[in-house]
Amino acid sequence: MMEKNNFWAFNPLFEPQSVAVVGASYNPEKIGHKIFKNIISGGFKGKVIPVNPKGGNLLGHKVFPSILQVNKPVDVAIISIPANFVFQATEECGQAKVKFLIVISSGFSEIGNKKEEEKLIAICKKYQMRLLGPNVFGMYSAKTRLNATFSKTKINSGNLAVISQSGALAIAMIAKTQAEGLGLSHLISLGNEADIETNEILEYLKYDTQTKSILIYLEGIKNGLKLFRLINKTSIKKPIIIIKAGKTTIGARAASSHTGALAVEDRVFNDLVVQAGALRVETIRQAFSCCRLLLSAPKTKGNNCLIITNGGGFGVLACDAAEKYGLKLYNQKDLLYKFFQKKIVKFGSFSNPIDLSGQANKDNYLQAIKISLQNNLGDSLLCLGCETAKLSAREFSFIVKKFKNYQKKPIVFCFLGEPLNQKLRVYDEIYNSVEALAFFHAYSQKIKRQENNFQPKVNLEQIKNLINNAQKNNRFHLSFQETEYFAANISLKTPKSFLVKTLKEALKAAKKIGYPIVLKAISNQIIHKTEFGAVITNIYNSQDLKLGFTKINLNCRQNAPQAKIEGILVCQTINKGINLIIGAKNHEIFGPVVMVGIGGIYVEVFKDISFRSYPLSYKEILRMIKETKAYPLLLGNRNLPKKDIKTLVSLIATIGEIVLNIPEIKEIEINPLMVFDEGEGVTALDIRVIIENKLDKN
Ligand code: ACO
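Nothing here was measured: the structure is a model prediction, and the numbers come from that model.

Asks: Any chance you could break down the sheet that holds strand β1 (residues 18-22) for me, citing the residues and the numbers?
Replies: Read from one edge of the open sheet, 5 strands run β2-β1-β5-β6-β7, paired in parallel fashion. The open sheet terminates on both sides in strands that have one partner only, identified here as β2 (47-51) and β7 (130-132). Ignoring which end each strand starts from, the neighbouring axes of this sheet average 20° apart. Packed onto the sheet, helix α4 (residues 83-95) meets β1, β5 (76-79) and β6 (100-103) and runs at close to 170° relative to β5.

Encoded structure:
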């Protein structure tokens with residue numbers, strides 16, 4: 001209900017009755033003039049009011065020297081004057097009771113002028129006026145035919161909404177949508193997002209009836225958890241495509257100086273938006289490839305695609321692309337044989353891809369499509385055409401036209417040869433067409449999923465006590481003893497161990513445990529033990545132990561002279577199982593997040609980690625594990641037994657539940673976590689619980 005209220009709150013911005021342009025210039029080259037002209041020529045349904053101290057008449061409209069002289073309600077005022085004059089103009093808009101302000105002017109936080117931006121926000125707040133920008137390119141809203149941008153190109157009305165943190169990209173998107181034959185419901189440039197944020201616009205678009213699909217260009221994120229939840233809810237009804245720049249360190253730096261927004265770890269962002277049901281693409285071309293399909297095709301019922309081609313090589317490329325993008329191929333060989341074997345020349349192929357061969361003409365192709373549709377072969381069809389002497393571009397266009405509006409399953413056409421009419425929306429690149437179809441399948445499956453969250457049983461009170469105690473002692477992590485208690489509390493096994501002070505005690509402990517053993521220095525000041533040489537492995541006998549004991553003490557004295565060593569842990573060696581890392585974190589942008597990947601010293605080398613926002617269903621945790629390269633090992637490759645995936649899933653949910661319910665915990669990391677054969681559980685070799693230190697907040 002709350003969200004729907006937001007929809008109504010934004011109504012005056014997207015369906016205004018009156019719009020003022022402050023800085024409507026007489027000079028046709030100026031931005032203020034172009035915006036004013038676009039509003040008029042775009043056929044805006046409401047009233048448009050030019051404001052310029054010169055007064056007079058501009059393009060047949062009476063010009064007001066000040067907005068204060070308008071004396072009529074103004075829903076939206078667009079300001080296009082130099083930054084230093086914007087404050088006075090904003091004050092006047094506030095006094096004139098303008099509801100929404102769009103500030104085109106640059107010169108605020110994007111160039112480091114944060115104080116100026118704060119001043120602007122303060123004026124808007126004083127008058128309860130919402131602010132889009134500053135540093136924006138404007139906006140377009142199809143419902144009232146409002147083109148309040150300085151675009152050169154006319155905007156076509158349609159069902160795609162574009163939200164962009166970059167103005168230049170938003171402009172480029174207009175031309176691109178034209179070229180692709182797509183129409184827009186909205187185009188919103190967000191600029192510095194000083195007030196109105198991406199999330200609010202997305203909330204509005206979720207309920208907007210004209211918008212069928214949403215394309216978002218992002219550089220930085222302010223409230224990641226809210227964005228995640230919104231995408232999760234919106235994507236069920238409307239597919240969302242995201243281009244997020246700033247993937248690399250250099251890109252992220254460039255992005256934060258561009259809009260002043262915060263860069264986020266790309267891997268976390270990526271996994272979470274995909275979990276929420278969005279498609280993350282890298283290029284504008286990919287984005288539009290997907291939009292083409294998303295706006296027109298019916299949802300798929302199942303997950304298997306049938307490929308029809310007149311070129312064997314084209315089919316092979318499509319198979320490679322299918323593997324890359326996770327598009328499953330229809331494999332009911334008996335049915336394909338039954339329906340196609342008499343219809344295909346002997347040098348063709350009636351397995352998937354159906355290869356009609358270069359011999360095929362228009363009628364053969366049409367017949368193949370009809371057979372697959374009549375017999376329901378595949379949940380989608382990918383029809384690949386190569387221009388040959390037997391099949392021309394014109395003939396392929398004829399085939400496309402015949403099935404363009406088929407509504408029972410998606411049919412995607414890709415043609416290699418003379419360019420076809422854009423309006424037919426035929427792909428000319430195989431990987432683009434397969435990627436779009438793969439996403440479409442994944443999207444159709446995702447919206448059908450109804451999964452309950454997995455709820456592990458955890459005694460949170462005891463863990464809260466541990467955390468409170470550590471915080472009282474001004475510590476930012478749990479001590480060794482507390483960590484052991486923590487593990488016991490969640491029934492997580494740790495290796496047999498004894499904390500000792502002397503070599504004599506160490507020898508005694510090793511005897512009890514049995515060689516080989518591991519030595520670990522325990523200190524509240526040493527968290528990353530390996531970096532300090534505070535772990536020594538492969539101790540096979542008492543001689544090794546004597547040397548190791550001396551070495552570990554020396555390492556600590558040399559590498560961490562300030563550290564107070566509580567003792568040396570003599571620890572059982574665990575040398576079986578699959579070595580993983582798991583973690584849970586109260587992420588500063590995305591809230592509770594869990595992760596899994598290949599562990600131990602390989603974490604940094606392979607960077608094979610998958611993330612998810614918590615809470616999660618059992619199946620989604622499984623999907624997260626499946627994404628890692630560790631999964632085949634867990635399944636038991638080369639005839640090895642399957643590992644205890646069930647216990648692993650349950651442990652991931654447990655630590656997720658803990659960070660979800662105890663916000664004072666910054667992070668739990670278990671690395672290495674050894675996962676044993678099915679039914680034998682897991683053992684944590686190292687556990688770190690990092691706590692929000694009370695001093696952090698000051
Ligand atoms: N109220 C109303 N009109 C006023 C006021 C006022 N308080 N003050 C001045 N004006 C009039 C001016 O007289 C002028 O009209 P005129 O040409 O008829 O005399 C008009 O407003 C414009 O003022 P100028 O001083 O000429 O400003 P100019 O148009 O050169 O620049 C602009 C203003 C475009 C906002 C500029 O300062 C700016 O910020 N440019 C960058 C915009 C931008 O790129 N935004 C991000 C878009 S995203 C992207 O990357 C593409």
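This is not the end of the story, as more comes after the structure.
Asks: I'd like to hear about the confidence of the model for the chain, residue by residue, with values.
Replies: Per-residue confidence for the chain gives a mean pLDDT of 91; residues scoring 70 or more make up 96%. Predicted confidence for residues 257-263 stays below pLDDT 50, and this span has 18 contacts to residues more than four positions away or in other chains.

Asks: I'd love a proper account of the packing of aromatic side chains, names of residues and values included.
Replies: Describing an aromatic ring pair means giving the distance of the ring centres and the angle of the ring planes. Within this structure, the stated rule accounts for 15 aromatic pairs. Ring geometry for Phe269 against Phe590: centres 6.4 Å apart, planes inclined by 50°, an arrangement best described as tilted. In this pair, Phe269 sits in helix α10 (residues 266-275) while Phe590 sits in the loop between β24 (578-587) and β25 (591-598), placing the two residues 321 residues apart along the sequence. By the ring-pair criterion, three or more aromatic residues cluster together here, those being Phe7, Trp8, Phe14, Tyr204 and Tyr207. Residue placement shows Lys119 over the ring face of Phe87; its charged tip is 4.3 Å from the ring centre.

Asks: Kindly report on helix α5 (residues 114-126), identifying the contributing residues and their values.
Replies: Taking 1.5 Å per residue as the helical rise, α5 with its 13 residues ought to reach 18 Å, and the 18 Å between its terminal C-alpha atoms agrees with that figure. Within the sequence span of α5, burial applies to Glu117, Leu120, Ile121, Ile123 and Cys124. Burial along α5 is one-sided: seen end-on, the buried residues are contained in an arc of 160°. Turned more than 90 degrees from where α5 packs its buried face, Lys115, Glu118, Lys125 and Lys126 sit exposed. Residues of α5 that are buried sit in contact with α4, β6 and β7. Backbone geometry just after α5 places Gln128 at a positive phi near 50°.

Cut-off values and rules
Residues numbered from 1 in each chain as written. Predicted model: local features only at pLDDT ≥ 70, side-chain atom pairs only at ≥ 80, totals over all residues. Heavy atoms only, no water. Pairing = 2+ DSSP bridges. Helix = DSSP H or I, 4+ residues; strand = E, 2+ residues; numbered from the N terminus. Axes fitted to C-alpha atoms, helices over the stretch in contact; angles between N-to-C directions. Contact = heavy atoms within 4.5 Å. pLDDT = per-residue confidence, 0-100. Phe/Tyr/Trp six-rings, centres within 6.5 Å; stacked < 30°, edge-to-face > 60°. Lys NZ or Arg CZ within 6 Å of the ring centre and 35° of its normal. Expected span 1.5 Å × (residues − 1). Buried < 20%, exposed > 50% of the residue type's maximum accessible area, 1.4 Å probe, protein only. Arc of directions from axis to C-beta.

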